[in-house]
Structure formats: structure tokens, C-alpha cells
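Observations on the model geometry
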Amino acid sequence: MRHLLSMADLDRAEILRILDTAVTMHEVQHREVKKLPTLRGRTIINFFFEDSTRTRSSFELAGKWMSADTINLTGKGTSVSKGESLRDTVRTIDAMGVDMMVIRHMASGAPAQIAQWTGCSIVNAGDGTHEHPSQALLDAYTMRARLGDLEGRHVAIVGDLTHSRVLRSNLLCLRSLGARVTLVAPPTLMPSGIGPWSDTDGFATSYELDDVLPSVDAVMMLRVQRERMGGGFFPTAREYAVTYGLTTARLRRLPEHAVICHPGPMNRGLEISGDAADAAQSLVLDQVSAGVAVRMSILYHLLAGEGSDQ
Ligand code: CP
């Protein structure tokens with residue numbers, strides 16, 4: 001495995017290998033001295049053209065805790081702001097001899113294009129509305145840690161599906177792991193055709209969150225991405241929260257064992273209430289914690305593991 005551009009790059013066995021390695025990496029996270037020598041001498045550039053809190057800091061921590069040299073770049077502080085093209089920019093960085101670029105970009109497909117232009121490993125850290133594979137892996141890790149094997153488990157993915165790269169990666173990942181998925185959204189935010197992601201058994205759609213909640217093992221609330229919305233996809237924020245938000249009242253419809261996920265950042269009071277975000281069933285901070293371990297595992301498998309091209 002050389003790049004991680006899409007969850008379609010990984011089969012079930014590879015997903016499970018990454019998740020299993022992440023269990024070992026998670027132990028490092030709880031040590032007093034968080035340092036493994038595994039990636040000593042390797043150089044990783046985290047190049048984020050779009051804002052991020054969780055993904056950028058966890059990829060940086062993952063690299064540092066594995067002794068790689070890591071550098072963070074953003075579009076603003078580089079010659080991109082002087083008009084340098086994406087191709088020239090990434091070829092310039094590649095020419096310095098880096099081993100890996102972790103790319104977040106507002107354009108769907110940018111990491112795949114960069115992989116064509118450069119010789120290093122490329123990891124997609126979220127591209128437009130396309131995919132966010134490391135998020136899907138950490139989501140699977142977190143749900144498995146609480147629920148066990150996801151085979152046959154019912155996961156509802158709720159909210160702004162049209163604009164969600166997290167949805168697309170999760171559908172591929174959850175299908176590989178054998179979960180049953182129900183997509184819940186208002187008609188205006190339900191993708192009419194979701195490309196290769198619709199080529200699957202095992203997912204249903206619904207406009208009625210209240211009907212779906214009683215049978216779920218996990219509910220994944222997705223952020224309303226106002227920055228990607230050109231027009232009015234719902235009448236008012238209040239109407240959306242009442243109809244599709246995981247409100248405090250709606251928490252009672254969840255089975256006792258069911259868990260709540262959200263990739264973050266959360267719009268509290270819109271897609272998820274404060275009570276739901278902070279409930280005992282909420283795995284939101286577990287997801288953040290798993291993010292570092294899973295990204296350590298991704299770096300390991302791409303740069304040092306058996307089957308890496310390095
Ligand atoms: N979930 C996620 O990608 O969060 P950030 O945008 O903060 O990285």
C-alpha cells in the first residue's frame with residue numbers, strides 16, 4: 001500500500017489490519033513517554049489547504065510519537081497565496097525528498113491528482129465532498145471498541161449527507177465490515193445518486209429519524225456544512241434541529257446500548273443537542289482519542305509496515 005486516497009483502496013483484511021495495529025498504538029498514547037522509534041528518519045508534510053483542528057493535530061502527533069520529522073503547511077503561509085499552482089507547489093515539496101504528504105484540500109480529487117504529480121506517499125485527509133478515509137477508520141475503531149464486531153450492526157448516518165465526505169468514506173468502510181447502514185436526511189440533503197457508494201446492498205434510506213432510532217446500535221450525526229451550502233436546504237435552523245437533530249427528547253428513543261458518534265466539529269443545538277453530545281452514550285471524545293492511534297497505524301502501514309512500498 002503506497003497511498004490512502006479512498007476507503008476503496010482498502011479491502012476488509014487491510015481495514016482490520018489497520019484497526020488492530022491501532023489498538024497497540026492506542027497504548028502508546030497512554031504512556032508517560034509517548035515515543036516509538038518506528039519512523040525515525042522519515043519526513044511527513046501535513047499540507048492543509050482547508051481548516052482543521054482534529055485531523056491536522058492528530059496526524060502531527062501521530063508522526064511525532066513515531067519519531068518522524070513532521071512539518072505543517074497551510075495554503076495561507078505558503079507561496080500558494082502568491083499564485084503558485086497546486087502542481088508546482090507539491091512538486092516543489094516533493095523535490096525536497098519527503099516521504100509522505102498528508103493533504104486536506106477543498107477540491108474533491110486533489111489528493112489523487114497530487115499522487116500523480118509526486119513520488120511520495122499521499123494520504124487524503126479530507127478532499128471537498130469526496131472522502132475522508134482516516135475519519136471512517138477512526139469511526140470504525142471507536143464503534144468496535146464499544147460494540148465489538150460491526151458485522152450485522154445497525155448504524156444510522158444522519159444529517160447533511162449531500163456535502164459529507166465522512167459519509168462517503170463511512171459507507172465504504174461500514175460495508176466492508178458488514179454493518180447495516182440507514183441514511184437519514186431531509187429530501188434536500190439526501191444524495192440522489194452517490195456514485196460507487198450506491199453500488200451496495202446493506203444500506204437503506206429514511207426521512208424519519210424517529211422511526212430509525214429505536215433499532216440502531218450506533219447513530220452518527222453529521223455536521224450541517226453551511227460553508228458548502230449555496231442555497232436554502234431547509235427552512236430554518238430551528239426547524240432542522242426539531243426534525244433531524246439528535247435532541248434531548250430524542251435521546252430516549254435510542255436503545256440503552258446504542259452509541260452516539262459525531263466526527264466534529266459539532267454545531268451544538270443544530271444537528272446535536274448539548275445533552276446528546278455530552279451523554280454517557282456519546283463517543284465524540286473517544287473518536288478524537290482514537291484519531292491519533294488510527295493515524296499512527298495508517299502512517300505505520302504506509303511507511304514501515306509489511307507491504308509498504310518504502
Ligand atoms: N472531523 C474532522 O475532520 O475534523 P477537523 O476538520 O477538525 O479536522
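Look a little higher up for the structure.
All of the points below concern the structure found in this document. (Residues numbered from 1 in each chain as written. Predicted model: local features only at pLDDT ≥ 70, side-chain atom pairs only at ≥ 80, totals over all residues. Heavy atoms only, no water.)

1. Notes on the overall build of the protein chain
Cut-off, in case you're wondering: Secondary structure follows DSSP: runs of H or I at least 4 residues long count as helices, runs of E at least 2 residues long count as strands, and numbering of each begins at the N terminus. What the globule rule says is 2.2 Å times the number of residues to the power 0.38, and the radius of gyration is computed from C-alpha atoms. Relative accessibility under 20% of the residue-type maximum defines a buried residue, over 50% an exposed one, and the middle range a partly exposed one, all with a 1.4 Å probe and only protein chains included. It only takes one pair of heavy atoms within 4.5 Å for two residues to be counted as in contact. A 1.4 Å probe and the Shrake-Rupley method give the accessible areas. Residues count as covered only by the protein chains that appear here.
Looking only at helices and strands, the protein chain has 10 helices and 9 strands in total. For 310 residues, the compact-globule formula gives about 19 Å, and the C-alpha radius of gyration of the protein chain, at 19 Å, lands near that figure. Seen through its C-alpha atoms, the protein chain measures out along the principal axes to roughly 55 × 40 × 35 Å. When burial is assessed residue by residue, the protein chain has 55% of its 310 residues classed as buried. A sequence separation of at least 24 residues applies to 74% of the contacts in the protein chain between residues at least 6 apart. Approximately 13000 Å² of the protein chain is accessible, and the part contributed by carbon and sulfur atoms is 49%.

2. Quick word on the pattern of salt bridges
Short version of the rule: Within this document, salt bridges are pairs made up of a side-chain nitrogen of Lys or Arg and a carboxyl oxygen of Asp or Glu, the two lying within 4 Å of each other.
Scanning all chains against the criterion turns up 8 salt bridges. The residue Asp217 makes a salt bridge to Arg153 at a minimum N-O spacing of 3.0 Å. Of the two residues, Asp217 is situated in the loop between α7 (209–212) and β8 (218–221) and Arg153 in the loop between α5 (133–147) and β5 (154–158); the sequence distance between them amounts to 64 residues. The partly exposed category is assigned to Arg153, whose relative accessible area is 23%. Connected via shared salt-bridge partners are Asp210, Arg250 and Arg253.

3. Some words on the site of the ligand
So the rule is basically this: By convention in this text, a residue qualifies as near a molecule or strand provided that one of its non-hydrogen atoms is within 4 Å of it. Contacts described as polar in this section are N or O atom pairs within 3.5 Å, which, within protein, must combine one atom able to donate a hydrogen with one able to accept it, while residues neighboring in sequence count only if both atoms come from side chains.
Close to the ligand lie Ser52, Thr53, Arg54, Thr55, Arg104, His132, Gln135, Pro263 and Gly264, which account for all nearby residues. The side chain of Thr55 places a nitrogen or oxygen atom 2.6 Å from an oxygen atom of the ligand. For the ligand, whose accessible area on its own is 260 Å², the fraction buried by protein is 92%.

4. A short note on the side chain of Arg165
Here Arg165 is to be found in helix α6 (residues 165–176). Accessibility expressed as a relative area gives 8% for Arg165, which makes it buried. Dropping the residues within four chain positions of it, Arg165 is found in contact with Glu50, Arg104, His105, Gly126, Asp127, Gly128, Thr129, His130, Glu131, His132 and Arg228.

5. With respect to the sheet that holds β8
The condition that has to hold: Strands are treated as partners if at least two bridges between them are detected by DSSP. Only C-alpha atoms enter the line fits that serve as axes; for helices the fit covers just the stretch in contact. Angles between N-to-C directions range over 0 to 180 degrees.
Sheet architecture is open: 5 strands sit in the order β7-β6-β5-β8-β9, paired in parallel fashion. Two strands in the sheet have a free side with no partner beyond their single neighbour: β7 (203–206) and β9 (259–261). Averaged over all neighbouring strand pairs, the angle between strand axes comes to 20°, with direction disregarded. Strand direction decides the pairing type here: β5 and strand β6 (residues 180–184), joined by 5 bridges, are parallel. The residue of β6 that forms the bridge with Val155 is Val181.

6. Structural notes on the sheet that holds strand β2 (residues 69–74)
Taken together, the 4 strands give an open sheet; going across it, the order is β2-β1-β3-β4, and neighbouring strands pair in parallel fashion. If you trace the sheet from one side to the other, it starts and ends with β2 and β4 (121–127), each paired once. This sheet shows a mean twist of 15° between the axes of neighbouring strands, independent of strand direction. Direction of pairing for strand β1 (residues 43–48) relative to β2: parallel, over a ladder of 6 bridges. Each bridged residue has a counterpart across the sheet, and for Phe47 the counterpart in β2 is Leu73. Here helix α4 (residues 110–117) sits on the sheet in contact with β3 (100–105) and β4, set at roughly 160° to β4. Packed on one face of the sheet, helix α10 (residues 284–303) meets β1, β3 and β4 and runs near 150° to β4.

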